[in-house]
Amino acid sequence: MTGDVAVMGVGMHPWGKWGRSFVEYGVAAARAALADAGLDWRDVGSIVGADTVRGGYPGYVAGATFAKALGWQGARVASVYAACASGAQALDTARTQILAGLADVVLVVGADAAPKGFFRPAGGDRPDDPDWLRFRILGATNPVYFGLYARRRMAMHGDTPGDFARVKVKNAAMGALNPLARYRDPVTAEQVAASAVVADPLRLLDICATSDGGAALVLSSMEFARRHGPAEPVRIRAVSTVTPRFPNTVLDLPDIATDSAAAVDPPGETFRRSIAQAAYEEAGIGPEELSLAEVYDLSTSLELQWYEDLALCGEGEGAKLLRDGVTALGGRIPVNVSGGLASFGEAVPAQAIAQVCELTWQLRGEAGDRQVAGARVGVSANQGLFGHGSAVVVVR
């Protein structure tokens, strides 16, 4: 068990394709978070930036880039890269600084200006880079990866393309209620089925887009929050950033080989399941105590997998949970009430931060038409390439 840190403020720049610098999106989100916290930039003792690698040199030093844009004021600075888990690792770095007594207030910022179309590897030959290898040797683009997972669920659990479409329909309905989402039109199962096949069995509307966007959090010690904030702030209770274990009997890209399970028993849980379990253990809670979850729906089939990995249901029961309305707004455990990546698209360094923004609004009771009644405990979960995963438990 570790100590809580307070979420003093949250802020986001709307997702879309705006054609401007990621710095602009990050600064807008940071200023919104500071205003939400009722604090000035000069009150911040440290800033942690989640890196955007497509931004060149400024992207790789995102903390200093955002600090400069906000105005140099002497704050500590750090920059973090963990692919899609960058935002959560930036949050964890901020939490560590607060709990270590290095800063009372830390600003966490992530933003991206994503390329058009699907992500691709950087140029050049890098045979020691597993991400490069999976693109060049296997031809396994992100949509291919998503399609393989969908096929695995269909073969093992009997999921259908109709089940995948239900995920999109659910998330689009909730995204239509979110003014920060990029896609705000409801979608029907017939529209999903009529969209182009991208990686069989997944269609265009089964797969999230790439987007521009930014998100920020202002975190503080509980002592600072008691002096300057609300009497009962939303709190970060746990952050999981565990890595996989070998032998890994279910390959998870970009890893394209693993050591043998012949001489070593496989671990008792998969990588993604271990991410959630570590967060539950640190927070001292179980999945039955959750009010809602924000998960990483890069594709519709992956959302169903997260239901099981978060232990919201048993193995192979994700589609049934969806069909029964359990994960819809008004259900027992709503998932992706923000609209998820289905409604936002990927803005890689920002999205894990954005998940915590949504949980914070929900736990404060400030989510408007998409509010989960009586929300008290939320969890976010995502996975970045190269063995990065994250789960954050937020409580009120």
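Sequence order as written defines residue numbering, which begins from 1 separately in each chain. It should be noted that, the model being predicted, local features are given only for residues of pLDDT at least 70 and side-chain atom pairs only at 80 or more, the latter also being counted only at that level, while totals for whole chains, interfaces and linings use all residues. Note that the side-chain values use all heavy atoms of the structure and ignore hydrogens as well as water.

## Comments concerning the overall build of the protein
Just so we agree on the cut-off: Each helix is a run of H or I in the DSSP string that is no shorter than four residues. Each strand is a run of E no shorter than two, and both are numbered from the N terminus. A radius of gyration in this sense is built from C-alpha atoms; the matching globule rule multiplies 2.2 Å by the number of residues raised to 0.38. Burial here depends on accessible area, computed with a 1.4 Å probe over protein chains only, as a share of the maximum for the residue type. Under 20% is buried, over 50% is exposed, and the range in between is partly exposed. A contact between two residues is defined here by any heavy atoms of the two lying within 4.5 Å. Only the protein chains shown count as cover for residues, and the accessible areas themselves come from Shrake-Rupley with a 1.4 Å probe. Counted as positive: Lys and Arg. Counted as negative: Asp and Glu. His and the chain ends are not counted at all. All charge positions are set by atom: Lys at NZ, Arg at CZ, Asp at CG, Glu at CD.
Of the regular secondary structure elements, the protein holds 14 helices and eleven strands. A globule of 396 residues ought to have a C-alpha radius of gyration of about 21 Å, and the protein, at 20 Å, matches this closely. A principal-axis box enclosing the C-alpha atoms of the protein has dimensions of 55 × 50 × 45 Å. Considering the protein as a whole, with its 396 residues, one finds that 57% of them fall into the buried category. The contacts in the protein between residues at least 6 apart in sequence include a share of 75% that link residues at least 24 apart. Carbon together with sulfur atoms contributes 54% to the accessible area of the protein, which is approximately 15400 Å² in total. Computed over 36 positive and 43 negative side-chain charges, the inter-centroid distance for the protein is 4 Å.

## Examining the sheet that holds strand S10 (residues 377-384)
Backbone hydrogen bonds hold the strands of a sheet together, and the pairing may be parallel or antiparallel. Just so we agree on the cut-off: For two strands to be treated as a pair, DSSP must find at least two bridges joining them. Here the axes come from fitting lines to C-alpha atoms, over the contacting stretch only for helices, and the angles between their N-to-C directions go from 0 to 180 degrees.
Taken in spatial order, the nine strands make up an open sheet running S3-S2-S4-S7-S1-S8-S11-S10-S9, and their pairing is mixed. Two strands close off the open sheet at either side, each with one partner strand: strand S3 (76-80) and strand S9 (292-295). Within this sheet the neighbouring strands show an average axis-to-axis angle of 20°, counted without direction. Two strands pair when backbone bridges link them, and S10 and strand S11 (residues 388-395) are joined in this way by eight bridges, in the antiparallel orientation.

## Here's the deal with the UniProt feature "domain: Thiolase N-terminal" (unreviewed entry) in the protein
In plain terms, the rule: UniProt positions are given in the numbering used here, feature names are shortened, and annotations may be inferred rather than shown by experiment.
Taking the numbering used here, the UniProt-annotated feature "domain: Thiolase N-terminal" (unreviewed entry) corresponds to residues 23-111. End C-alpha to end C-alpha, residues 23-111 measures 7 Å, and it is 47% helix and 19% strand.

## Examining the UniProt feature "domain: Thiolase C-terminal" (unreviewed entry) in the protein
The UniProt record annotates "domain: Thiolase C-terminal" (unreviewed entry) at residues 273-394. Secondary structure within residues 273-394 divides into 40% helix and 16% strand; the distance between the first and last C-alpha atoms comes to 18 Å.

## Quick look at the nonpolar core
For soluble globular proteins, the rule of thumb is that nonpolar side chains tend to be buried together. Quick note on the threshold: Think of a nonpolar core as a cluster: buried Ala, Val, Leu, Ile, Met, Phe, Trp, Tyr and Cys residues, connected wherever their side-chain atoms sit within 4.5 Å.
Ranked by size, the top nonpolar core spans 48 residues in total, and within it Leu290, Tyr307, Leu310, Leu312 and Val393 carry the most contacts. Going through the elements one at a time, helix H6 (142-157), helix H7 (161-175), helix H10 (271-283), S9, helix H11 (300-309), helix H12 (318-323), S10 and S11 are the ones with two or more residues in this core. Top element by residues in this core is H10. It accounts for six residues. Contact partners of Leu312, with chain neighbours within four places excluded, come to Leu290, Tyr307, Leu321, Arg332, Ile333 and Val335. Ranked by size, the runner-up nonpolar core spans 43 residues in total, among them Val80, Ala215, Ile236 and Val392.

## Overview of the packing of H7 against H11
Quick note on the threshold: Angles are sorted into four bins: roughly parallel if under 35 degrees, roughly antiparallel if over 145, roughly perpendicular if 65 to 115, and oblique for all others. Only Asp, Glu, Lys and Arg are considered charged in this grouping, and only Ala, Val, Leu, Ile, Met, Phe, Trp, Tyr, Cys and Pro are considered nonpolar; every other residue, Gly among them, is considered polar.
Contact pair H7 / H11: the axes reach a minimum separation of 8 Å and the direction vectors enclose 90°. Between H7 and H11, the crossing angle belongs to the class labelled roughly perpendicular. Contact with H7, carried on its side by Asp163, Phe164, Val167, Lys168, Lys170 and Asn171, involves Thr300, Ser301, Glu303, Leu304 and Tyr307 of H11 and no other residues of that element. Of the residues assigned to the contact of H7 with H11, the class counts are four nonpolar, three polar and four charged.

## A look at helix H1 (residues 22-37)
Rule in force here: Helix span, expected: 1.5 Å multiplied by one less than the number of residues in the helix. Within 3.5 Å is the distance limit for a polar contact, defined as a pair of N or O atoms, with the added protein rule that one can donate a hydrogen and the other accept it, and that residues adjacent in sequence qualify only through two side-chain atoms.
Taking 1.5 Å per residue as the helical rise, H1 with its 16 residues ought to reach 22 Å, and the 23 Å between its terminal C-alpha atoms agrees with that figure. Residues Phe22, Val23, Tyr25, Gly26, Val27, Ala29, Ala30, Ala33, Leu34 and Ala37 constitute the buried set of H1. Buried residues along H1 sit in contact with strand S1 (5-16), helix H2 (57-60), helix H3 (62-70), strand S4 (105-113) and strand S7 (212-220). Two to three positions downstream of the cap, the backbone nitrogen of Val23 sits 3.0 Å from a side-chain oxygen, assigning the N-cap of H1 to Ser21. Remark: Gly38 follows H1 within two positions and exhibits a positive phi of approximately 70°.

## What to know about a nonpolar patch on the surface
Operational definition: Patch members must show over 30% relative accessible area and no salt bridge, and they are joined within 9 Å when carrying like charges or within 5 Å when they are nonpolar side chains of Val, Leu, Ile, Met, Phe, Trp or Tyr. Note on definitions: salt bridges are taken to be side-chain nitrogens of Lys or Arg within 4 Å of carboxyl oxygens of Asp or Glu.
Taken together, the side chains of Phe118, Val198 and Leu204 define a hydrophobic patch exposed on the protein surface, amounting to about 240 Å² of accessible area. With respect to the secondary-structure elements, Phe118 resides in the loop between S4 and helix H5 (130-136).

## Structural notes on H11
With ten of ten residues buried, H11 is to be regarded as a mostly interior element. Phi turns positive one or two residues past the end of H11, at Ala311, with a value near 65°.

## Quick notes on the side chain of Asp159
By the element assignment, Asp159 lies in the loop between H6 and H7. Here the side chain of Asp159 touches Arg153 through a polar contact of 2.5 Å, side chain to side chain. Discounting chain neighbours no more than four positions away, the residues touching Asp159 are Arg153, Met154, Phe164, Leu304 and Ala319.

## Details of the packing of aromatic side chains
What counts is decided by this rule: Stacked, tilted and edge-to-face are the three classes assigned to paired rings of Phe, Tyr and Trp, where Trp is represented by its six-membered ring and a pair needs centres within 6.5 Å; plane angles under 30 degrees give stacked, over 60 edge-to-face, the rest tilted. We call a charge positioned over a ring when the NZ of a Lys or the CZ of an Arg lies within 6 Å of the ring centre and within 35 degrees of the ring normal.
One pass over the structure, following the stated rule, counts four aromatic pairs. On the numbers, 5.7 Å between centres and 40° between planes, the contact of Tyr145 with Phe146 is tilted. Of the two residues, Tyr145 and Phe146, both sit in the buried class. The rings of Tyr145, Phe146 and Tyr149 are connected pair by pair, giving a single aromatic cluster. Here Arg272 stacks its cationic end above the ring of Trp306, 5.2 Å away from the centre of that ring.

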